[in-house]
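Read off the chains here:
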Amino acid sequence: MSQIPVFSLSNGIRVVVQTNLSDVCHCGIVIATGSRDELPAEYGMAHFIEHTVFKGTSHRTSMQILNRLDAVGGELNAYTTKDETALHAAFLAKDIERAVELLSDMVFCPTFPEKEILKERDVILDEINSYKDSPSDLIFDDFEELVFSHPALSHNILGTPDTLLNFDGDAARRFMQRTYHTDNIVLSVIGNVSAERVLRLAEKYLGSCPAKYRPDNFRQSASNYRRVEQRDERGYNQAHVLMGNIAPSAMDRDRVPLYVLNNIIGGPSMNARLSVALRERNGIAYNVESEYTSFSDVGLEVIYFGTDPDKVKKSIRIVRNDLDKLCSKPFSDTQLKKIKTQIEGQLLMASADGENLMLAAARSVILYGSADSLDSSVASVHSVSAADIHRVAQSVFNPDMMSTLIYV
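Summarised in this report is the structure supplied together with it. No experiment lies behind these values; they were computed from the predicted model shown. (Residues numbered from 1 in each chain as written. Predicted model: local features only at pLDDT ≥ 70, side-chain atom pairs only at ≥ 80, totals over all residues. Heavy atoms only, no water.)

Examining empty space enclosed by the protein
Inspection of every chain in the model, using the stated rule, returns 1 cavity of 30 Å³ or more. If you go around the largest cavity, the residues you meet are Ile49, Val53, Leu87, Met106, Val107, Met176 and Tyr180. Among the residues forming the lining of the largest cavity, the class breakdown is 7 nonpolar, no polar and no charged. (1 Å grid on protein atoms, 1.4 Å probe; cavity = no way out; pocket = protein on both sides within 12 Å on 5 of 7 lines; lining within 4 Å. Points joined across faces, edges and corners; volume = space filled by probe spheres on them. Nonpolar A, V, L, I, M, F, W, Y, C, P; charged D, E, K, R; others polar.)

Details of the nonpolar core
Counting residues in hydrophobic clusters, the biggest one holds 51 residues, and the most contacted among them are Ile49, Leu76 and Leu187. Looking at this core, the element that brings in the most residues is helix 3 (residues 96-108), giving 7 residues. Among residues more than four places away in sequence, those in contact with Leu76 are Phe54, Ile65, Leu69, His88, Ala89, Leu102, Leu103 and Met106. With 41 residues, the next largest nonpolar core counts Leu261, Val312, Leu336 and Val378 among its residues. (Core = buried A, V, L, I, M, F, W, Y, C linked by side-chain atoms within 4.5 Å. Buried < 20%, exposed > 50% of the residue type's maximum accessible area, 1.4 Å probe, protein only. Helix = DSSP H or I, 4+ residues; strand = E, 2+ residues; numbered from the N terminus. Contact = heavy atoms within 4.5 Å.)

Details of the side chain of Thr33
Residue placement: Thr33 occurs in the loop between strand 4 (24-31) and helix 1 (45-52). On the accessibility criterion, Thr33 (0% relative accessible area) is buried. One polar contact links the side chain of Thr33 to the main-chain carbonyl oxygen of Thr179, over a distance of 2.7 Å. Residues in contact with Thr33, not counting those within four places in the same chain, are Asp83, Glu84, Thr85, Phe175, Thr179, Tyr180, Arg214 and Arg219. (Polar contact = N/O pair within 3.5 Å; in protein donor to acceptor, adjacent residues only side chain to side chain.)

Focus: the packing of aromatic side chains
Counted by the stated rule, this structure contains 3 aromatic pairs. Taking 5.7 Å as the distance between ring centres and 40° as the angle between the ring planes, the aromatic pair formed by Phe140 and Tyr304 counts as tilted. Remark: Tyr304 occurs in strand 11 (residues 299-307) and Phe140 occurs in helix 5 (residues 135-147); sequence separation between them is 164 residues. Seen in terms of ring centroids, Tyr236 and Tyr407 are 6.2 Å apart; in terms of plane orientation they differ by 50°. Their pairing is tilted. Pair noted here: Tyr236 is in the loop between strand 8 (229-232) and strand 9 (239-247) and Tyr407 is in strand 13 (residues 403-407), with a separation of 171 residues, a long-range link. Arg234 extends its terminal NZ or CZ atom over the ring of Tyr407, reaching a point 3.9 Å from the ring centre. (Phe/Tyr/Trp six-rings, centres within 6.5 Å; stacked < 30°, edge-to-face > 60°. Lys NZ or Arg CZ within 6 Å of the ring centre and 35° of its normal.)

All quantities given are derived from atomic positions and should not be read as evidence of function.
Written out as structure tokens, the structure is:
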């Protein structure tokens, strides 16, 4: 087993590099700042900044930002979660300096032009409205709002129209000054480039940023969970159902057994248990999935499916029956071996996705200070026992703790 090398600049920014033979390179700057770090008047600010750093820097206009990588066939993108903000790019390895320089310019030198901000507000308002028209997406956010009593994790990443209309360049700069700390910023690169070259570029473009370290009490625990059962009559043609419970955090040793368990019940394979139970055997659901989200202080395991409104009770009964089986009896050695073989194959297949590997390494460095290699990740899966999975199943799928949200 091995770990991916991690380097630190003098200002605390860390650099993780995975060298391979692909001429397609992926590079990202990930900041451990997300919507959970917003004050009530700032709800939506992390996402707003993710949008508006594209609108101008002290060196570039918005069009120059967009054209910088597009001109050489590359791609530029960004996202915001409750825990982090990321700017990332895909490009040919020969253009690594172009990418690192551009991303660092956007993170450290945004100007937030007022004219561009006014336009981008309308874009985000449209994003908020379009999200409301997608119940299969909206139900996940509404579920988190219901089960987490602490506002840090319960409020929506996009914010509200009211908060958004109050955002300007000064507010964005204040938020970044308070929440962007160099010891929680990671530059991650994967591709046919050497670690030595990436480090030289990191020193050149990120090394001059003044050091600023995050206080120990900066992010307080937001693990308050409350059990909820709610049914909303919305007049949809299809019913949307979300079932879930609090789960191990990213720092908990049970996160790996739950990763395995989540894969068993609703992972990407067509033979995932709940997909087989609802779709293949009974033909009452098209989309069935499960999702394990782990924050630094708490986790959430949820099961989602869509079905006909008159099939909701039957579907929930089928799901509950399958979960009860997992809670009542551990897997046999033969069953567990098949499960691990499948997940190992999935991990090896996923290793072809450079973007996901690059971002996963950055997140791992932020959480644990290190990043596991592929063989270490596979070994972690193989170390999980049937008793581990059984114990986690009994905790996470305890019917007295699980919440349910239904849209019909």
